[in-house]
Number of protein chains: 2
Amino acid sequence: MHYPIKSFEVISAIVNEALSTIDLNKQPSGLYEPIAYTINLGGKRIRPALTLMAFNLFHDDVSRAVMPALAVEFFHNFTLLHDDIMDKASVRRGQPTVHVKWDENTAILSGDLMQIIAYELMRQAPEKTLQDVMQLFNATAIQVCEGQQYDMEYESREDVTPEEYIEMIRLKTAVLLACALKIGAIIGGASKQDAQYLYDFGIHVGLAFQLKDDLLDVYGTPETFGKELGGDILCNKKTYLLIYAKKLASGELQKSLNYWLTIEKPNSNEKINAITDIYNQLNVKKICEDAMDFHFSKAIAVLDKVGVKKDKKQALRNLAENLMHRND
Amino acid sequence: MHYPIKSFEVISAIVNEALSTIDLNKQPSGLYEPIAYTINLGGKRIRPALTLMAFNLFHDDVSRAVMPALAVEFFHNFTLLHDDIMDKASVRRGQPTVHVKWDENTAILSGDLMQIIAYELMRQAPEKTLQDVMQLFNATAIQVCEGQQYDMEYESREDVTPEEYIEMIRLKTAVLLACALKIGAIIGGASKQDAQYLYDFGIHVGLAFQLKDDLLDVYGTPETFGKELGGDILCNKKTYLLIYAKKLASGELQKSLNYWLTIEKPNSNEKINAITDIYNQLNVKKICEDAMDFHFSKAIAVLDKVGVKKDKKQALRNLAENLMHRND
């Protein structure tokens, strides 16, 4: 049956409309307000959009997949809330983080409740699909925790390899995008094969997305980036760029890199400029862009394999391209 | 069909055997070890036992309810892990708490993963019952968070009423016991009415259990109690005893009570003795015991209404009695 595929913009509107129907105006308010606050910080709603867009490949009316799509968004926001505590982040999307605006206990408990709400939304998947959806969601949630653990462990290791890093971001970031897509496919009645292709598409898009993130922090355009450049550099965050720089640097460059990574109270701009310059000399920008392009190509290739007409997949293809070519 | 009902001891052995089959020896070990540690701290395993005992009212072989029973235990232990962070507790069951033995980030993240594992175990409920079981479990988990929120808020309020306190412990503690029982009943194919009676039995047992806890802290026998008396008194914990004491005290007793609650660095034994003495003068021990007995009687009365032969319910009745007459 032919029907027009909904664009990302239409899908986003459906997601945001649905989010506004979730009643978070409950007691005790000290528990629910931080949840509403977190959700209302906004965001592109990419993950729930992916669920609905995958579902839309197989059905015109996406209503049946809306609650599970919101579940993915609630789960994602729960991970951000707890990650911000663990990372001691003070700002998210230009606003104070929950543990700063309220306190840490609130951030822990409201986060716990957000995860439960995610499960309650996911439970509203059509009954026939519930077992499969839950199994995938649980497996994904476990992997996200494992990814976060590796991320934290890597902060204190000096010898993280690019392969380990890719695996960490696969777990921490990519599997949730993949899961969002596959849930939409499962609910949409896709074949196991098509569901798996959409999952794999999500993995590659997710990896490319994170590599783009790493690039933007150093090479983005400040006005459009929304935050100052070099935040990752300042906190010695182990991004793909830094990991490769450490791998490739030798002699003077290595000394210089180590100096800027270990100096106690550096001038921020000096550190950013110095390390960016080392990156440039080692050509790690290109290495990162090549890795990003590799995964983007893989994403497009596996999307092609999904057994629906090519024009139906254009919206997903556009989304992947926009994530690759974005400036923020 | 007649079959012998399993005693609590047999049920506990089934629970502990099943717990030992859950593979927590996974990577990253920094994430999974704290989970194994938490589970291995032990405990009476009352909640999973209640699930299996409720199921056992309707079926001889309890295998079908084992994974959901373990889910309840994992969920319970997750709440303890996060509560210990929020309460800044340094010891649990005589061992260092996870955030002390490892660190706070570990306690947050391993706790998050425990909750997910709970959901994955709960997902293994028989397919026909999954929707109902999940809906109940989610509603309960939400209430437990709400109870914890009220508990934290009440710490800084001077005017908590006994009614508010009962509602807080109902949410924080009782609903999980009730949920454990009702899940066993649902999976066991009980009528909606019997499932609800078992839930209500759990609520009253849970309330009586917490009131007993409040009593034991002040009036327990140190050797059997397993910890020193008066821990609640020392940290001004708002127990039923304290709340009633504040409600009833006037004149000199009220001055004395306020003195001991606000004095900066009291001698521990003096404070415990003084406040215990005030409790004795106000007769709050009896008020607490009466409340406990009230809920215990309600528990037995509603257990009687469950539509199975009385002798089948004896094990549950024994468990409730043991919880009331325990010394630790």
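Refer to the preceding data block for the structure.
Summary of the structure given here. What you see is a predicted model; the values in this text were computed from it and never measured. (Residues numbered from 1 in each chain as written. Chains lettered and ligands numbered in written order. Predicted model: local features only at pLDDT ≥ 70, side-chain atom pairs only at ≥ 80, totals over all residues. Heavy atoms only, no water.)

1. Regarding empty space enclosed by the protein
Applicable threshold: The method works on a 1 Å grid over the protein atoms by themselves. A cavity is a set of points holding a 1.4 Å probe that cannot get out, a pocket is an open set with protein on both sides within 12 Å along at least five of seven lines, and residues with an atom within 4 Å of a point line them. Grid points are joined across faces, edges and corners, and a volume is the space filled by probe spheres set on the points. Starting at the N terminus, helices and strands are each numbered in turn, a helix being any DSSP run of H or I of at least four residues and a strand any DSSP run of E of at least two. Residues are sorted three ways: Asp, Glu, Lys and Arg are charged, Ala, Val, Leu, Ile, Met, Phe, Trp, Tyr, Cys and Pro are nonpolar, and all the rest, Gly among them, are polar.
The final tally for this structure, using the stated rule, is eight cavities of 30 Å³ or more. Reported here for the largest cavity is a volume of approximately 70 Å³. Leu-109 and Asp-112 of chain A together with Phe-75, Phe-78, Thr-79, His-82, Asp-83, Met-86, Val-144, Cys-145 and Gln-148 of chain B together form the lining of the largest cavity. At the level of elements, α6 (104-122) of chain A together with α4 (66-87) and α7 (130-155) of chain B are the ones that each hand at least two residues to the lining of the largest cavity. The element that contributes the greatest number of residues to the lining of the largest cavity is α4 of chain B, accounting for six residues. In the lining of the largest cavity, the residues fall into six nonpolar, three polar and two charged.

2. Details of the pattern of salt bridges
Residue and element names in this part refer to chain A. Note the threshold: One speaks of a salt bridge when a side-chain nitrogen belonging to Lys or Arg is within 4 Å of a carboxyl oxygen belonging to Asp or Glu.
For the structure shown, the criterion picks out 30 salt bridges over all chains. Asp-151 is paired through a salt bridge with Lys-172; the nearest N and O atoms lie 2.6 Å apart. Of this pair, Asp-151 sits in helix α7 (residues 130-155) while Lys-172 sits in helix α8 (residues 162-187); the two residues are 21 residues apart in sequence, bridging distant segments of the chain. Among the charged side chains, a salt-bridge network with shared partners connects Asp-83, Asp-151 and Lys-172.

3. A word on the packing of helix α8 (residues 162-187) of chain B against helix α9 (residues 192-219) of chain B
Residue and element names in this part refer to chain B. Cut-off, in case you're wondering: Axis definition: a line fitted to C-alpha atoms, over the contacting stretch in the case of helices. Angles run 0 to 180 degrees between N-to-C directions. For classification purposes, an angle smaller than 35 degrees is called roughly parallel, one larger than 145 roughly antiparallel, one from 65 to 115 roughly perpendicular, and anything else oblique. Should the near helix be turned anticlockwise from the far one by less than a right angle, the crossing is left-handed, and should it be turned clockwise, the crossing is right-handed.
Contact geometry of α8 with α9 gives a least axis separation of 7 Å together with a crossing angle of 140°. Considering their axes alone, α8 and α9 lie oblique with respect to each other. Handedness of the α8/α9 crossing: right-handed. Of the residues belonging to the contact of α8 with α9, the class tally is 18 nonpolar, five polar and three charged.

4. Let's talk about the interface of chain A and chain B
Heads up, the rule is: Two residues qualify as a contact provided that any one of their heavy atoms is within 4.5 Å of a heavy atom in the partner residue. Reported buried area values correspond to the accessible surface (1.4 Å probe) lost by two parts on association, with both partners' losses combined. Identification of polar contacts relies on pairs of N or O atoms within 3.5 Å, with a donor-acceptor requirement for protein atoms, meaning one able to donate a hydrogen and the other able to accept it, and with residues adjacent in sequence counted only if both atoms are side-chain atoms.
Facing 36 residues of chain A, the contacting portion of chain B comprises 36 residues. Across the interface of chain A and chain B, roughly 3,700 Å² is buried in total on both sides, 62% from carbon and sulfur atoms. If you look at where chain A meets chain B, you find zero salt bridges. Our count for the chain A to chain B interface comes out at ten residue pairs in polar contact (both at pLDDT 80 or more). Those elements that provide at least two residues to the side of chain A that touches chain B are α2 (29-40), α4 (66-86), α6 and α7 of chain A. Class assignment of the residues belonging to the side of chain A that touches chain B gives a composition of 19 nonpolar, ten polar and seven charged.

Limitation: the analysis is restricted to geometry and does not speak to function.
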